[in-house]
Amino acid sequence: NAGVTQTPKFQVLKTGQSMTLQCAQDMNHNSMYWYRQDPGMGLRLIYYSASEGTTDKGEVPNGYNVSRLNKREFSLRLESAAPSQTSVYFCASSERLVRGYQETQYFGPGTRLLVL
Amino acid sequence: AQKITQTQPGMFVQEKEAVTLDCTYDTSDQSYGLFWYKQPSSGEMIFLIYQGSYDEQNATEGRYSLNFQKARKSANLVISASQLGDSAMYFCAMRERKTSYDKVIFGPGTSLSVIP
């Protein structure tokens, strides 16, 4: 049981290049998320997917696209990278809350992206 | 408007003493959840504790407890018997349930340093 995995761990891009960040979870969770974390700040939600086949914008979606390929995988794409997208990207998954049940949100190890 | 407020950018605590990290939140939902996460210098996000809005008892997990005051909209984390390994960033987060998805919002974090 690997939990949430992300690839790559590190990436350096030039402005204008594109790339896809991969995320997979093996906990059979319905909900998946992409966050970015900038120095001195908490996590900000980029996109989320409540279930397979659905995606919605979060707080900072501009410059990104996502694909929920299946229940396990949720990818984040930067079509034309900009220096402002230099950040640490976290993928997470969770199960939908049912009243009275314990809940948590599992995070991947993060991808450190530098855009020059 | 900021939904999660953590007013303590940095905190110091003596080893073996207890420390309280503050978190206030803003929501009009009746059903929501509150999380605390720890992020050590290695970067991973570690789930600590969860409190549901309908839970009448404060959540506890080992040395972590959540002081939940619903009317005041506060969810403070209490760490008892601090250890050197507790030095890290701590994030408070809130999950709101929308019509068909769960949206998790993070606060800016509190940096905790445990002094030997």
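Here is what the cut-offs are and how they apply
Residues numbered from 1 in each chain as written. Chains lettered and ligands numbered in written order. Predicted model: local features only at pLDDT ≥ 70, side-chain atom pairs only at ≥ 80, totals over all residues. Heavy atoms only, no water. Helix = DSSP H or I, 4+ residues; strand = E, 2+ residues; numbered from the N terminus. Contact = heavy atoms within 4.5 Å. Buried < 20%, exposed > 50% of the residue type's maximum accessible area, 1.4 Å probe, protein only. Pairing = 2+ DSSP bridges. Disulfide = S-S within 2.5 Å.

A.B. asks: Would you mind showing me how to read the environment of Lys 71 of chain A here?
C.D. replies: Residues and elements named next belong to chain A. Relative to the elements of secondary structure, Lys 71 occurs in the loop between β7 (65–68) and β8 (74–78). Measuring from C-alpha to C-alpha, the distance between Lys 71 and Thr 104 comes to 18 Å, with 33 residues separating the pair along the chain. Excluding anything up to four places from it in sequence, Lys 71 contacts Gln 25, Asn 28, His 29, Asn 30, Met 32 and Glu 52.

A.B. asks: Would you explain the pairing of strand β11 (residues 111–115) of chain A in this entry?
C.D. replies: Within a regular beta strand, the side chains point alternately toward one face of the sheet and then the other, so they alternate between its two faces. Residues and elements named next belong to chain A. Residues of β11 alternate between two faces, with Thr 111, Leu 113 and Val 115 buried on one and Arg 112 and Leu 114 left unburied on the opposite face. Across four bridges, strand β2 (residues 10–13) lies against β11 in parallel orientation. Across the sheet, the residue bridging to Gln 11 is Leu 113, located in β11. In terms of strand pairing, strand β9 (residues 87–94) meets β11 through three bridges, oriented antiparallel. Looking at the pairing, Ser 87 lines up with Leu 113 of β11.

A.B. asks: Could you clarify how one ought to interpret the side chain of Ser 75 of chain A in this entry?
C.D. replies: Within the fold, Ser 75 of chain A resides in strand β8. Ser 75 of chain A sits in the buried class, given a relative accessible area of 8%.

A.B. asks: What is the right way to look at the state of the cysteines in this model?
C.D. replies: Note: disulfide means a covalent bond formed between the sulfur atoms of two cysteine side chains. One pass over the structure, following the stated rule, counts two disulfides over all chains. Through a disulfide, Cys 23 of chain A is tied to Cys 91 of chain A; the S-S separation comes to 1.8 Å. Here Cys 23 of chain A and Cys 91 of chain A share a disulfide; its torsion about the S-S bond, -75°, makes the bridge left-handed. A residue pair is termed long-range when its members are at least 10 positions apart, and Cys 23 of chain A in strand β3 (residues 19–25) and Cys 91 of chain A in strand β9 qualify at 68 residues. By the burial criterion, Cys 23 of chain A is buried, and Cys 91 of chain A matches it. In this model Cys 23 of chain B forms its disulfide with Cys 92 of chain B; the gap between the sulfur atoms is 2.0 Å. Taking the sign of the torsion about the S-S bond as the criterion, the disulfide between Cys 23 of chain B and Cys 92 of chain B, at about -65°, is left-handed. You can see Cys 23 of chain B sitting in the loop between β3 (19–21) and β4 (24–25) and its partner Cys 92 of chain B sitting in strand β10 (residues 88–97), a full 69 residues away along the chain. You can call Cys 23 of chain B buried: its relative accessible area is 0%.

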